[in-house]
Amino acid sequence: MSDENIEIVRRIYRTWGRGDVPGPAELFHDDVEYVNPAGAVEPGVRYGRAEFTGAVEKVFEAWEVWQGEPEEVTAVGDRVAVVVRYRARGRGSGLEVEGRESALFTFRDGKVVRYEWFHGEADAFEALGTPR
């Protein structure tokens, strides 16, 4: 299942990079959770597909362009940690930013049931128990 989960994570980033948010519905469990880290503009957990969709759409509405490229991906059991290099241009401001962040995806029944993103590129791997 690990290889399949890794491919799902890569597919999600490809679709987000095309502006297709929140991504293909068949990849997300009905009970999916979206977790913003402490220090995020809106920290906390969003529960269920509707709240997940709202959270993802809110993030992307600020960006005219957002591209994320998974640079490092590790699967352990039903979880996948990823370092993402992102490049984005602000909607309206035209401000261009780039950097790295990490995310931890948890799967159940072949679908994403939890998405946690982190400011630090090593944070998801620490949460996975495989420090970089």
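For clarity, every value in this text was computed on a predicted model and none was experimentally measured. (Residues numbered from 1 in each chain as written. Predicted model: local features only at pLDDT ≥ 70, side-chain atom pairs only at ≥ 80, totals over all residues. Heavy atoms only, no water.)

### Let's talk about the nonpolar core
Of all hydrophobic cores here, the largest spans 27 residues; its most connected members are Y13, W16, F105 and Y115. At the level of secondary structure, the elements contributing two or more residues to this core comprise α1 (2-17), β1 (28-36), α2 (48-61), β3 (63-76), β4 (79-90), β5 (96-108) and β6 (111-118). Residue contributions to this core peak at six residues, all from α1. Apart from residues lying up to four places away in sequence, Y13 is in contact with W66, G68, P70, V82, V84, A103, F105 and Y115. Of all hydrophobic cores here, the second largest spans seven residues; its members include V83, L104, A124 and F125. (Core = buried A, V, L, I, M, F, W, Y, C linked by side-chain atoms within 4.5 Å. Buried < 20%, exposed > 50% of the residue type's maximum accessible area, 1.4 Å probe, protein only. Helix = DSSP H or I, 4+ residues; strand = E, 2+ residues; numbered from the N terminus. Contact = heavy atoms within 4.5 Å.)

### Quick look at the layout of surface pockets
Of the voids in this model, the largest pocket is the one considered here, and its volume is about 670 Å³. In terms of lining, the largest pocket is formed by 26 residues, of which the most central are Y34, V59, W63, E101 and W117. The set of elements that each furnish at least two residues to the lining of the largest pocket consists of α1, β1, α2, β3, β4, β5 and β6. Take the lining of the largest pocket: its biggest share by element is six residues, from α2. (1 Å grid on protein atoms, 1.4 Å probe; cavity = no way out; pocket = protein on both sides within 12 Å on 5 of 7 lines; lining within 4 Å. Points joined across faces, edges and corners; volume = space filled by probe spheres on them.)

### Brief notes about α2
With 14 residues, α2 extends 20 Å between its outermost C-alpha atoms, agreeing within 8% with the 20 Å of an ideal straight helix rising 1.5 Å per residue. Along α2, the residues classified as buried are G48, F52, T53, A55, V56 and F60. Looking at the packing, one finds that the buried side of α2 touches α1, β1, β2 (44-47), β3 and β6. (Expected span 1.5 Å × (residues − 1).)

### Structural notes on the sheet that holds β5
One open sheet accounts for six strands, arranged β2-β1-β6-β5-β4-β3; its pairing is mixed. Edge positions in the sheet fall to β2 and β3, since each of these pairs with one other strand and no more. Recorded for the sheet is a direction-independent mean angle of 20° between the axes of neighbouring strands. With twelve bridges joining them, β3 and β4 adopt antiparallel strand pairing. Bridge pairing in β4 places A75 opposite V80. Packed onto the sheet, α1 meets β1, β3, β4, β5 and β6 and runs at close to 170° relative to β3. Strands in contact with α2 are β1, β2, β3 and β6; relative to β1, the strand with the most contacts, it is inclined by about 45°. (Pairing = 2+ DSSP bridges. Axes fitted to C-alpha atoms, helices over the stretch in contact; angles between N-to-C directions.)

### Examining the side chain of E33
Tracing the chain through its elements places E33 in strand β1. A polar atom in the side chain of E33 sits 2.3 Å from the side chain of R114. Excluding residues within four positions of it along the chain, E33 makes contact with V45, R46, Y47, F52, V113, R114 and Y115. (Polar contact = N/O pair within 3.5 Å; in protein donor to acceptor, adjacent residues only side chain to side chain.)

### Quick look at the side chain of E101
Mapping E101 onto the fold places it in strand β5. There is no salt bridge for the buried E101, and the closest opposite charge comes from R100, which lies 11 Å off by N-O distance. The contact partners of E101, leaving out residues within four places of it in the chain, are W66, V82, V83, V84, Y86, W117, F118, H119, G120 and E121. (Lys, Arg positive; Asp, Glu negative; His and termini not counted. Salt bridge = Lys/Arg side-chain N within 4 Å of Asp/Glu carboxyl O.)

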